[in-house]
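Observations on the three-dimensional arrangement
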Amino acid sequence: MDKALYDFDKRQRAVVQKHHKLASGYTTKLNRNGIIEHKPIRRVPFVSLKGLLTAVLGFLVFKGLLCASLGIEEYVARLAHLSQGSALERAGAWLMGADPASLWVASLLQPLFG
């Protein structure tokens, strides 16, 4: 009886999973045996523009915050030291490099750090 219960639960989980997939859209096709089948529409997940812009803006604010708290001279010195390291450290130094947008954010945040 335990095996029968296990098989039933397995089939039930498969039906519920297919129901959830079909709930977001499906196409109906006739297979070669003449049986009508419903296939879920596969949707490719994508990164939204709003999420991407929020991440870029947050990164620029983070760079500006670091630049404002350390001071531009100390920030550039730390980047120069970082650019002498391994390939990963050089990539980080390039990514964290001082650009006009982060310098502008740093100039706005500079009065907060004195």
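Going by the structure above, here's the rest.
Read on for a plain summary of the structure.

This part is about the overall build of the protein chain. A count of helical and extended segments in the protein chain gives 5 helices and 2 strands. Ordering the α and β elements of the protein chain from the N terminus gives α-β-β-α-α-α-α. With respect to the three principal axes, the spread of C-alpha positions in the protein chain is 75 × 35 × 30 Å. Counting only residues that meet the buried cut, the protein chain has 14% of its 114 residues in that class. Sequence-distant contacts, at least 24 apart, represent 41% of the contacts inside the protein chain between residues at least 6 apart. Carbon and sulfur atoms provide 67% of the accessible area of the protein chain, an area that totals close to 9,600 Å². Side-chain charges of the protein chain comprise 15 positive and 8 negative groups, with the mean position of each set lying 14 Å from the other.

Our next topic: the pairing of strand E2 (residues 36-40). Across 5 bridges, the pairing between strand E1 (residues 26-30) and E2 is antiparallel. Paired with threonine 27 across the strands is lysine 39, a residue of E2. In textbook terms, the turn of a hairpin is the stretch between consecutive antiparallel strands, and for E1 and E2 this stretch comprises 5 residues, one of which, glycine 34, has a positive phi near 90°.

This next bit is on the nonpolar core. Considering soluble globular proteins, one finds that nonpolar side chains tend to be buried as a cluster. Residues Cys67, Ala68, Tyr75, Leu79, Ala93, Met96, Val105, Ala106 and Leu109 constitute the largest nonpolar core, which totals 9 residues. Put simply, the parts of the chain that give this core at least two residues each are helix H2 (49-70), helix H3 (72-82) and helix H5 (100-113). Ranked by residues supplied to this core, first place goes to H5 with 3 residues. The residues contacting alanine 106, other than those within four sequence positions of it, are Gly64, Cys67 and Ala68.

The rules behind the values
- Residues numbered from 1 in each chain as written.
- Predicted model: local features only at pLDDT ≥ 70, side-chain atom pairs only at ≥ 80, totals over all residues.
- Heavy atoms only, no water.
- Helix = DSSP H or I, 4+ residues; strand = E, 2+ residues; numbered from the N terminus.
- Buried < 20%, exposed > 50% of the residue type's maximum accessible area, 1.4 Å probe, protein only.
- Contact = heavy atoms within 4.5 Å.
- Areas by Shrake-Rupley, 256 points an atom, 1.4 Å probe, with all protein chains shown as cover.
- Lys, Arg positive; Asp, Glu negative; His and termini not counted.
- Charge placed at Lys NZ, Arg CZ, Asp CG, Glu CD.
- Pairing = 2+ DSSP bridges.
- Core = buried A, V, L, I, M, F, W, Y, C linked by side-chain atoms within 4.5 Å.

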